[in-house]
Amino acid sequence: MELDALDLALLRELQNDARQTNRDLAAKTGVSPSTSLERVRLLRERGVITGYHAVLDLDAAGRPVQALISVRIRPPARPVIEGFREWAARLPEVIGLFVTSGTHDFLLHIAVPDVDGVYAFVIDRLTERREVADVQTTMAYEHVQSRCIEPAGPDRSRASRRTR
């Protein structure tokens with residue numbers, strides 16, 4: 001999927017402020033409001049933009065303590081992995097979930113009120129699951145997250161460089 005300079009500019013601006021008016025978005029990207037509206041519609045239809053959401057401050061939301069928890073599942077069968085993934089993704093403490101390769105099958109990013117919340121999550125939720133074979137917890141002192149993701153253009157992709 002090719003994204004041109006206008007698509008990239010629209011995506012950058014929307015990631016900075018998705019609540020801005022179409023008129024403001026058009027002005028910031030140097031196009032007419034009708035062009036801006038149509039291009040954003042096409043980006044949604046093509047699946048580049050999948051939604052809009054509010055970003056919460058975890059401290060203000062009462063969940064200032066974050067941890068990364070590696071989980072190994074046994075037996076490593078598809079139904080077991082998928083069942084655990086679906087269960088873990090619904091837990092209110094989980095703010096991110098990765099299915100991984102290597103010695104662990106999952107990396108869970110949790111946010112809780114305090115360190116006791118991390119302990120309770122591991123002991124009361126994870127280790128009670130029969131399929132959980134191993135858990136390793138890493139406390140996160142700080143989480144810096146990129147708020148603006150620049151899509152990879154055709155000349156920035158390793159795959160496209162290999163095919164040239």
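Residues numbered from 1 in each chain as written. Predicted model: local features only at pLDDT ≥ 70, side-chain atom pairs only at ≥ 80, totals over all residues. Heavy atoms only, no water.

Draft legend 1. Seen up close, the environment of Thr138. Mapped onto the secondary structure, Thr138 falls in strand β4 (residues 132-140). Distance from Thr138 to Ser70, taken between C-alpha atoms, is 8.3 Å for residues 68 residues apart in sequence. Setting aside anything within four residues of it in sequence, one finds Thr138 in contact with Ala67 and Leu68. (Helix = DSSP H or I, 4+ residues; strand = E, 2+ residues; numbered from the N terminus. Contact = heavy atoms within 4.5 Å.)

Draft legend 2. Here's a closer look at the pattern of salt bridges. Here the structure, examined in full by the defined rule, presents ten salt bridges. One salt bridge in this structure joins Arg74 and Asp105, with 3.7 Å as the shortest N-O distance. Separated by 31 residues along the polypeptide, Arg74 in the loop between β1 (65-73) and α4 (78-89) and Asp105 in the loop between β2 (94-99) and β3 (106-112) bring together distant segments of the chain. Residue Glu93 pairs with Arg125 through a salt bridge whose shortest N-O separation is 3.1 Å. With Glu93 in the loop between α4 and β2 and Arg125 in helix α5 (residues 115-126), this residue pair connects regions lying 32 residues apart in the sequence. Judged by its relative accessible area of 16%, Glu93 is buried. With a relative accessible area of 31%, Arg125 lands in the partly exposed category. If you follow the salt bridges from partner to partner, you end up with Asp4, Asp7 and Arg39 in one network. (Salt bridge = Lys/Arg side-chain N within 4 Å of Asp/Glu carboxyl O. Buried < 20%, exposed > 50% of the residue type's maximum accessible area, 1.4 Å probe, protein only.)

Draft legend 3. Inspection of the packing of helix α1 (residues 5-16) against helix α2 (residues 22-29) at higher detail. Here α1 crosses α2 at 130 degrees, and the two axes come no closer than 10 Å. Judged by the inter-axis angle, α1 sits oblique to α2. Of the two elements, α1 crosses α2, and the hand of that crossing is right-handed. Across the interface between the two elements, Leu6, Ala9, Leu10, Glu13 and Leu14 from α1 touch Leu25, Lys28 and Thr29 from α2. Considered class by class, the residues forming the contact of α1 with α2 number five nonpolar, one polar and two charged. (Axes fitted to C-alpha atoms, helices over the stretch in contact; angles between N-to-C directions. Parallel < 35°, antiparallel > 145°, perpendicular 65-115°, else oblique. Left-handed = near helix turned anticlockwise from the far one by under 90°. Nonpolar A, V, L, I, M, F, W, Y, C, P; charged D, E, K, R; others polar.)

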